[in-house]
Amino acid sequence: MELRHLRYFITLAEELHFGRAAAQLHIAQPALSQQIRQLEEQLGFALFLRDKHQVTLTEAGKTFLAEERMVLIAVKRATETAKRVHEGAIGRLLIGFVGSATYHLLPMLTTYRETFPLVHVELQQMKSLEQLQALHEKRIDIGLIRPTSTSLAITQKTIFQEALLVALPQNHSLTGHTSIAMHELVNESFIVAPMRSGSSYYEVVMQSCLEANFTPHITLEAPEFHTVIAFVAYGLGIALIPESFARQKHAGVVYLPILNVKPRLELALAWRSDAISSVVRTFIDHQQAHPVGQS
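Since this is a predicted model, take the numbers as computed values, not measurements. (Residues numbered from 1 in each chain as written. Predicted model: local features only at pLDDT ≥ 70, side-chain atom pairs only at ≥ 80, totals over all residues. Heavy atoms only, no water.)

Turning our eyes to something else, we now look at unusual backbone geometry. Despite not being glycine, N213 has its phi angle at roughly 70 degrees, a positive value. In this structure, N213 sits in the loop between α7 (200–211) and β10 (217–221). One non-glycine residue, N260, adopts positive backbone phi at about 55 degrees. Considering the arrangement of structural elements, one finds N260 in the loop between β12 (253–259) and β13 (265–272). Here N260 falls in the exposed class, since its relative accessible area comes to 76%. (Helix = DSSP H or I, 4+ residues; strand = E, 2+ residues; numbered from the N terminus. Buried < 20%, exposed > 50% of the residue type's maximum accessible area, 1.4 Å probe, protein only.)

Turning next to empty space enclosed by the protein. Over the atoms, a rolling probe the size of a water molecule traces out where space has been left empty. Applying the stated rule across the entire model yields two cavities of 30 Å³ or more. Roughly 30 Å³ of internal volume is contained in the second largest cavity. Taken together, G99, S100, Q125, E224, F225, H226 and F245 form the lining of the second largest cavity. Split by residue class, the lining of the second largest cavity holds two nonpolar, four polar and one charged. (1 Å grid on protein atoms, 1.4 Å probe; cavity = no way out; pocket = protein on both sides within 12 Å on 5 of 7 lines; lining within 4 Å. Points joined across faces, edges and corners; volume = space filled by probe spheres on them. Nonpolar A, V, L, I, M, F, W, Y, C, P; charged D, E, K, R; others polar.)

Among the structural elements, Q287 can be located in helix α9 (residues 278–289). Those residues in contact with Q287, other than ones at most four positions away along the chain, are M108, I159, L269 and V292. (Contact = heavy atoms within 4.5 Å.)

Quick look at the pattern of salt bridges now. Oppositely charged side chains can pair when the atoms bearing their charge come close. In the structure shown here, the tally under the stated rule is nine salt bridges. When the shortest N-O distance is used, the salt bridge between E122 and R92 registers 3.0 Å. Of this pair, E122 sits in strand β4 (residues 119–125) while R92 sits in strand β3 (residues 91–97), and the two are 30 residues apart along the sequence. Owing to a relative accessible area of 48%, R92 belongs among the partly exposed residues under this scheme. (Salt bridge = Lys/Arg side-chain N within 4 Å of Asp/Glu carboxyl O.)

Shown next as structure tokens:
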């Protein structure tokens, strides 16, 4: 039994006329009669009563019609669902993100979920290196990271660049300025997020200081920018902070732009290079079509 047999049967059952049913199906009337006979032979019972004047459904045919309508509806639903899965419009997406990327992630997710409401998105805040490990182990599908060196198994694509601001305790002597030159920070105590070699934050901080002809005097490291800011608020030092992170005001901290600093901090999407799923590809394509606003 094939789906075409069911379509032929349902059309004839609705028309109760071989000529009209054949015309609607765009096949010859003898061919329709032959297909219906084959179906009845396979079933082992008659579906229609035929005479010279009319065609009617048998009782078995009426029952078969009700059930087979449900079958075709289920087939259509299954086809549509499978098509949407193939297109990446249905599925599950596990996204890792660094905390400082929150202000980019939220608008990105808003536009994505408006377009793909049937994709179930789960978020996990993780450090960049943790995300790369999670990608290798297939615990997340996409990472939102600060670019860092990794293997060829992971693809990284920069989606945003932003400047660093200097975060000062509110009672610092420089808070009366509207902006700061890097060389003015030469004698300051720096508080930083983990300064791992190879991380973009490390490179940007070091390059910014080196271009001003000094090496930063680092007195404290903190695991996250939130902790860095808390240390700054307590007057333990100053910090260079991503511009987007500074959008959220923090008590006891003043943010000032830095003059003529070329290095910029990057944010990147990361995913496994092999066997990209439809839902991951759709997310990447959607982000490319709706890029994060540049600063």
